[in-house]
Structures are given as C-alpha cells and as structure tokens.
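Commentary on secondary and tertiary structure
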Amino acid sequence: ARPVTLDEVAEYAIVEEGLVLVTSEHCFADYQDVLQLCGNLVSVQDNILSLAHKSVKDFLLSTEVAGRPANDYEDYEVEIGRTCLTYLAFSGDANCIGLGTTSTERLDGLRKSYPFLKYAATMWPHHLRCRSRQIVLQDLMRSSLNLLG
C-alpha cells in the first residue's frame, strides 16, 4: 500500500456499508476531529498520516487488541478493500463535477469532492490481491465495477 493523506483517512472513516453518497452531513467538519480519535497513535507530516512508531503497529496487530492471532492480517486487508469498493460504488453528484466543463475540470471536481477516490480506485486491487480476499467480496466487486460494462 502507499502512504495515506489526512483527507483520505477522514473520508475513509465515514464510509459504511449501504452508504451510496457522501454529503457534508457525513464528513468531519474539521480534520482535527480525526486526529483526536487517533490520539497519540498517529503522526501527520505534510498531510501524510502514519503510525507514530512501529510499536503502534505491533500493538494494533496483537491478540490483545484484535482478539485473534496477530498474523490474521487478511481481515484488515478485506475490510480496506471492502471500503474502497463501497466508495467506488457511490453514485456521483452532477453538481460537484460541473456539467458542460472539460474532462480535466470534471476530474478535478471529482477529486475535490471525493478525497478518497484516487486511493480507492488505485489501491483496491492491492488490498484484494489474494484470491481468498476476492471471493469474500466478489458480489461487491461486481456491483462496484459495473461501470466497466
């Protein structure tokens, strides 16, 4: 995976199954709220969010937190993949992309309106690269990627 921005994490945090469109009501009013939820577990530098220390990752993957063996990484990857696909399945808002503008302007409008879009579109295959992960989410993959055909 690649580093994530604070904007992406704030948008990721509000995605839930069944949500079909993100509106301002769903979003965090201030990114500082996201940082408060994370406490001292993360640090931000140049809008890139990262774990404060390797020991944080070790702790989060430990049996004390996860309640399962620390090597059960599959569940996390599937959940991130599920969130990416759910986000990609959102129905777009024509007002946010400006009808009648150039393709570049529409794409810029989408990126501004949907901060998690680039990550979701480019990284879902990474999170679901194992066949077992794909099987778990095959129906969601079909519906999210229906736009391809």
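Look up: the structure comes first, before these words.
1. Thoughts on the overall build of the protein
- Scanning the protein from N- to C-terminus turns up ten helices and three strands.
- The N-to-C order of helical and strand elements in the protein reads β-α-α-β-β-α-α-α-α-α-α-α-α.
- Looking at the protein as a whole, 28% of its 149 residues qualify as buried.
- Counting only contacts in the protein whose residues sit at least 6 apart along the sequence, the fraction spanning at least 24 positions is 60%.
- Carbon and sulfur atoms form 55% of the exposed surface of the protein, whose accessible area is close to 9500 Å².

2. A word on the side chain of His127
- Positionally, His127 belongs in helix α8 (residues 117-127).
- Relative accessible area serves as the criterion here: at 3%, His127 is assigned to the buried category.
- Reaching out from His127, the side chain makes a polar contact with the side chain of Tyr119 at a distance of 2.6 Å.

3. Let's talk about the sheet that holds strand β2 (residues 42-45)
- The three strands are arranged β1-β3-β2 in an open sheet whose pairing can be described as antiparallel. A single partner strand is all that each edge strand has here, and the edge strands are β1 (4-5) and β2.
- With four bridges connecting them, β2 and strand β3 (residues 48-51) associate as antiparallel partners. Residue pairing across strands places Val42 opposite Leu51, the latter belonging to β3.

4. A look at the packing of aromatic side chains
- Following the criterion strictly, the structure yields four aromatic pairs and no others.
- Between Tyr87 and Phe116, the aromatic rings sit 5.1 Å apart at their centres with planes inclined by 85°, giving edge-to-face as the arrangement. With a gap of 29 residues between them, Tyr87 in helix α5 (residues 74-88) and Phe116 in the loop between α7 (103-113) and α8 connect regions that are remote in the sequence. Comparing Tyr87 with Phe116, the two get one shared label, buried.
- Of the aromatic side chains, those joined through ring pairs into one cluster are Tyr12, Tyr87, Tyr114, Phe116 and Tyr119.

Conventions we followed
Residues numbered from 1 in each chain as written. Predicted model: local features only at pLDDT ≥ 70, side-chain atom pairs only at ≥ 80, totals over all residues. Heavy atoms only, no water. Helix = DSSP H or I, 4+ residues; strand = E, 2+ residues; numbered from the N terminus. Buried < 20%, exposed > 50% of the residue type's maximum accessible area, 1.4 Å probe, protein only. Contact = heavy atoms within 4.5 Å. Areas by Shrake-Rupley, 256 points an atom, 1.4 Å probe, with all protein chains shown as cover. Polar contact = N/O pair within 3.5 Å; in protein donor to acceptor, adjacent residues only side chain to side chain. Pairing = 2+ DSSP bridges. Phe/Tyr/Trp six-rings, centres within 6.5 Å; stacked < 30°, edge-to-face > 60°.

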